[in-house]
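Each chain, written out:
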Amino acid sequence: MTDFGDRLARVLHDAVPEPPHEPDPAAIRAGATQHERRKRLLAPALAAAAVAAVAIGVPLAGHQLATHQPPGPRRPAVPSRPAAFTASEFRMAPPPQEVVGPAPMLRATCTPRQISAIAATRRTDRGVLGVIRLVGAVVKHWHGVAERCTLPIARGPTALIGPDGLRLKVPLSAGDRTSLPGNPRPDLALNNGDAIWGFAWLGSYCGAPARAIEIPLRQSGAAPLRVALRGPQPGCEPATGASTLIDGIAGAPGEPVQPPRPEYSSLRLAGQIEPGTTSGQLAPIDLTLRTTGSAPVTLDPCPAYAGRDYATARSGGFSGPISSGYLPCAKHEAVIRPGQPLHWTIPASSFLQSGPGSGAIPGSTVYVQLGIAGVPPLHLKTTAHR
Amino acid sequence: MTASEERFDGFVREASPRLLRAAWLLAGDWPAAEDLVQTAFEKTWPRWGRLADDRQRLAYLHRVVTNAFLRGQRRMWTGELATGDLPHRAAVDEADALVLRTSVLAAVRGLPPRQRAVIALRYLADLAEAQTAAAMRCSTGTVKGYSARALAALRADPAVAELFAEERKP
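Position labels on residues start from 1 in each chain and follow its written sequence. Chains and ligands are labelled sequentially in the order written, the chains with letters from A and the ligands with numbers from 1. Where local features are concerned, this predicted model is filtered to residues with pLDDT of at least 70; where side-chain atom pairs are given and counted, the filter is 80 or more; whole-chain, interface and lining totals use all residues. To obtain the side-chain values, all non-hydrogen atoms of the structure were used and water was disregarded.

Q: Which residues make up the overall build of chain A, and what are the values?
A: Numbering of helices and strands runs from the N terminus; a helix is a DSSP stretch of H or I covering at least four residues, while a strand is a stretch of E covering at least two. Within chain A one finds five helices and 22 strands. The proportion of buried residues among the 386 residues of chain A is 49%. Contacts were defined at the residue level, with two residues in contact if any of their heavy atoms lie within 4.5 Å. A separation of at least 24 residues holds for 77% of the contacts in chain A among residues at least 6 apart in sequence. Surface accessibility in these figures is a Shrake-Rupley result with a 1.4 Å probe; residues are shielded only by whichever protein chains are displayed. Of the roughly 17400 Å² that chain A leaves accessible, carbon and sulfur atoms contribute 56%. The buried label applies to any residue whose accessible area, calculated with a 1.4 Å probe on protein chains only, is under 20% of its type's maximum; exposed applies above 50%, and partly exposed to all values in between.

Below, the structure written as structure tokens:
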């Protein structure tokens, strides 16, 4: 290796962080078994099975969930995601940002039998987080591209279904309404017939295991879809309070769809814009996230933050997104304890204006709004200098 | 649990940290890196008995991770919206090192996918040229070519070149 190569290797070893959590070997083996089994099936058989799975719903779910897992030993704060679901789907989006775009092309609406779906959970602090994957059947080919039917779904899961096919006594919580998360254009995912929907089941649960989860269909009079549910379920720990089902949000596969934890409403975002904002760029923003409660708050689902700036140029007002990202939800930083806030800094960002009269007018006020779902938004302002 | 399952679980725990770090350098964030590595392990488990030893298994894992990454690049897969990493304020005495690391990471991420893969495998996963070639399913000469072009590009990056020059000063 060359001298330059040696130095590069040394810097890379220092620069690349340690992984936040270990993979779960048991989940990997289970996923591998599923892959192998799938490979042996012919495509038509697979399609038929998918439709049949929806059609028979709960009985199939009961078969798959024969081994209900009791709560295991304490795991890392952010455990591995179930096989066939991505880690990002178990995260939480920031509050909705301004997104524009065309209305999706209208497609045929799926009938219940044309929808195949699976749902899986993974353990979190005092409960589980879950994702439902919904796929519509291919109904048309357009210039060689398969088009799926539109998923007639307008809201998230409403009930858990027990082994007897009846709804379990787990109330649906509206969740915390402080500030809801939002993915950009979830309508496109639903329209394109390939979407996911998140949910959380938190608190103590001592009843029969859930075999399926129910998600309503938009068509009037249509029975809700019952989706087989696999994965861990909340344990019977009465000290943690009765369990509730919390509706998440919709998104495309791979997008964060989890709802905020109720405890996130005790978190407060504070910060200040550093001096040095000019007509061309917003200075760095120092931020702090602390809890006003007496209990630690686990950052799982891992929240993302996002924000916008609003300024005045000679040509008129303008606004734009500022840097966004996920909070550092690694093991040692995943819990915010009373008196131990989390600090971070958003780097300086350009106003991204061009042409004559661009940039903030010197002496004018620049406004910034920052948000984390479940947490009250933060409003800051500063003055643009020359 | 069978003996094979136990050995596999131990292998996952032992091999995953280094593999995850290489995948992170390729993919740019932890969720995508975890997906690459989990996919690689899932493909390795059914072949566990056919791969003679841990060296072969590791080589196979690197091959799957690299192929999955490159295939994803070809398909322009954007399953997850990329967001910036959370910047942390560094202590004063670490500022230079932090700038160096950040600049190098940014420069590596700016490389074309195959050159980035060579850098991740050669300089982070510490694979030899022949092992890198096996992982990328190409010849050793091709690896040398990618490596030379990648190093030239990094040397030409003003931030990286300057910082390496600074590092050489006493």
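Next comes the rest of the description.
Q: Explain the sheet that holds strand β13 (residues 285-291) of chain A to me, and be specific about the residues and the numbers.
A: Residues and elements named next belong to chain A. Here, any two strands with at least 2 DSSP bridges between them count as paired. The three strands lie next to each other as β11-β13-β19, forming an open sheet whose pairing is antiparallel. This sheet does not close on itself; its edge strands, each paired only once, are β11 (267-273) and β19 (342-346). Neighbour-to-neighbour, the strand axes of this sheet turn through a mean angle of 20 degrees, independent of strand direction. Relative to β19, β13 runs antiparallel, the two being bridged by five bridges. With axes taken as lines fitted to C-alpha atoms, and helix axes fitted only over the stretch in contact, angles between N-to-C directions fall between 0 and 180 degrees.

Q: Just give me the short version of helix α6 (residues 129-136) of chain B, but keep the residues and values in it.
A: Residue and element names in this part refer to chain B. Taken residue by residue, α6 has Thr 132, Ala 133, Ala 135 and Met 136 as its buried positions. Down the axis of α6, the sector holding all buried residues measures 160 degrees, keeping them to one side. Within two residues after α6, Arg 137 carries a phi angle of roughly 55 degrees, on the positive side. Note that the arc is defined by the directions from the helix axis to the C-beta atoms.

Q: How would you sum up the sheet that holds strand β2 (residues 127-136) of chain A? Please name residues and give values.
A: Residue and element names in this part refer to chain A. Taken in spatial order, the eight strands make up an open sheet running β5-β8-β9-β1-β2-β7-β10-β6, and their pairing is mixed. Each of the sheet's edge strands pairs with one partner strand only, and the pair in question is β5 (159-161) and β6 (172-173). As paired strands, strand β8 (residues 212-215) and strand β9 (residues 225-230) are joined by four bridges and run antiparallel to one another. Looking at β9, one finds that Ile 215 is bridged to Leu 225.

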